Amino acid sequence: MATTQAKANPKKNSSGFQGVRDAIWIIVACFILAVCFFKFVLGNPDNFVGGDPANAVKDGSLLGTVYKGGIVVPVIITLLFTVIALSIERFFALRTAFGKSSLGKFVISVKQAITAGDMAKAQQICDKQQGCVANVVGASIAAYKEMENTPNLKRAAKVAKIQQAHEEATQLEMPTLQMNMPILATIVTLGTLTALFGTVVGMIRSFAALASGGGGDSLQLSEGISEALVNTASGILTSWFAVVSYNYYSNKIDKLTYALDEVGYTIAQTYEANHGDEA
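Here is what the cut-offs are and how they apply
Residues numbered from 1 in each chain as written. Predicted model: local features only at pLDDT ≥ 70, side-chain atom pairs only at ≥ 80, totals over all residues. Heavy atoms only, no water. Core = buried A, V, L, I, M, F, W, Y, C linked by side-chain atoms within 4.5 Å. Buried < 20%, exposed > 50% of the residue type's maximum accessible area, 1.4 Å probe, protein only. Helix = DSSP H or I, 4+ residues; strand = E, 2+ residues; numbered from the N terminus. Contact = heavy atoms within 4.5 Å. Axes fitted to C-alpha atoms, helices over the stretch in contact; angles between N-to-C directions. Parallel < 35°, antiparallel > 145°, perpendicular 65-115°, else oblique. Left-handed = near helix turned anticlockwise from the far one by under 90°. Nonpolar A, V, L, I, M, F, W, Y, C, P; charged D, E, K, R; others polar. 1 Å grid on protein atoms, 1.4 Å probe; cavity = no way out; pocket = protein on both sides within 12 Å on 5 of 7 lines; lining within 4 Å. Points joined across faces, edges and corners; volume = space filled by probe spheres on them. Phe/Tyr/Trp six-rings, centres within 6.5 Å; stacked < 30°, edge-to-face > 60°. Lys NZ or Arg CZ within 6 Å of the ring centre and 35° of its normal. Expected span 1.5 Å × (residues − 1).

Asker: Account for the nonpolar core, naming residues and giving values.
Answerer: Formed by 47 residues in total, the largest nonpolar core has its most connected members in F106, V110, V137, L177 and I267. Elements represented by at least two residues in this core include exactly α2 (24-42), α4 (72-98), α5 (103-115), α6 (119-129), α7 (131-148), α8 (155-178), α9 (181-211) and α10 (218-274). Once residues lying within four places of it in the same chain are set aside, the contact partners of L177 are R90, L94, A97, C132, I253 and L256.

Asker: So, the packing of α6 against α7: which residues are in play, and what are the values?
Answerer: One way to put it is that α6 packs onto α7 with a least axis distance of 8 Å and a crossing angle of 155°. The angle between α6 and α7 falls in the class roughly antiparallel. The crossing of α6 and α7 is left-handed. Taking contact as the criterion, the partners of M119, A122, Q123, C126 and Q129 in α6 are, on α7, G131, A134, V137, G138, I141, Y144 and K145. Of the residues contributing to the contact of α6 with α7, the split by class is seven nonpolar, four polar and one charged.

Asker: I'd like a rundown of the layout of surface pockets, residues and numbers included.
Answerer: As a volume, the largest pocket reaches approximately 270 Å³. Of all the elements in the fold, those that place two or more residues in the lining of the largest pocket are α2, α3 (62-67), α4 and α10. Residues belonging to the lining of the largest pocket are distributed by class as follows: 13 nonpolar, two polar and no charged.

Asker: Break down the packing of α5 against α7 for me, citing the residues and quoting the values.
Answerer: At their nearest, the axes of α5 and α7 sit 11 Å apart, and the two run at 15° to each other. By the criterion of interaxial angle, the relationship of α5 to α7 is roughly parallel. Remark: the crossing between α5 and α7 carries right-handed chirality. Taking contact as the criterion, the partners of L103, F106 and V110 in α5 are, on α7, V133, A134 and V137. Here the contact of α5 with α7 is composed, by residue class, of six nonpolar, no polar and no charged.

Asker: Give a detailed account of the packing of aromatic side chains, specifying residues and quantitative values.
Answerer: The geometry of two aromatic rings is summed up by the distance between their centres and the angle between their planes. Counted by the stated rule, this structure contains seven aromatic pairs. Among the aromatic residues, those joined into a ring-pair cluster are F38, F48 and Y67. The side chain of K252 reaches across the aromatic face of F98, ending 4.9 Å from its centre.

Asker: How would you sum up the environment of V49? Please name residues and give values.
Answerer: With respect to the secondary-structure elements, V49 resides in the loop between α2 and α3. Here V49 falls in the partly exposed class, since its relative accessible area comes to 44%. Considered as a pair, V49 and F197 are 148 residues apart in the sequence and their alpha carbons are 28 Å apart. The contacts of V49, once residues within four sequence positions are left out, are N55, A56, V57 and K58.

Asker: Please give an account of α4 that cites residues and values.
Answerer: Residues spaced three or four apart along an α-helix point in a common direction, a consequence of the helix completing one turn every 3.6 residues. Along its 27 residues, α4 runs 39 Å from first to last C-alpha, staying within 8% of the 39 Å computed at 1.5 Å per residue. Counting buried residues in α4 gives 19 out of 27 residues, a clear majority hidden from the surface. Note on α4: the residue one or two positions beyond its end, G99, has a positive phi of about 105°.

Asker: Go over unusual backbone geometry, please, and point to the residues and values.
Answerer: Even without a glycine there, the phi angle at Q130 is positive, about 60°. The class for Q130 is buried, based on a relative accessible area of 15%. Even without being a glycine, N152 presents a positive backbone phi close to 65°. Examined against the element boundaries, N152 turns out to sit in the loop between α7 and α8.

Don't take any of this as a statement about function, it's just geometry.
Written out as structure tokens, the structure is:
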């Protein structure tokens, strides 16, 4: 049995970017960039009256207005930068996983070769394609060839082993495909919750200004409301980017998985159609 598994899972034939495994360093880098962006870009003295960030925002200065969102803004910007960075990372990683040519063209070509019983040509197509799909199909083809040379097994058992080899190879590739996707899914919710937290903090400042001296200071009141609204808008924007990115790449992974299932089914059915039970 150990020999069967070893042959059914050949060495991966992948090249190119495979993804970032330690995403914590991406988050740390995004946090540093966010703090610098908050301090030196949003907090630029040119955005405020008298060149002092403690003063009111100059008319028409959107950057200064965002700066007035307070300490929660760097956190939200960190989340936004993380979404952008991980989206770029997933783009290149999945492009490598799909292989060198289009997925649809590869599936059609390899299915035609398998249906014709030309496993050598199917393997050549996989070697040329590379990527996760080619790795899984190559493992299934290797299992197909092995079952042809394995005596004393019924046809149904051999078909089951081919399907098992395909499923095992697929499971080996899935971690690479889904890497860092849970972080994007978390930011979808975390962005909204952080925005809500910033909104509450801003409203607390506003009500504190109202409570002080009866009428309250108009500048403090407006700053509190501005902080609440800025945090709400920036948090929603971050969640928007995160949910679009997550759903887009989830759809691409599903598309790849369906292609794997289609080719795996073709390989198993081809063996069943071309081979009978041994006498």
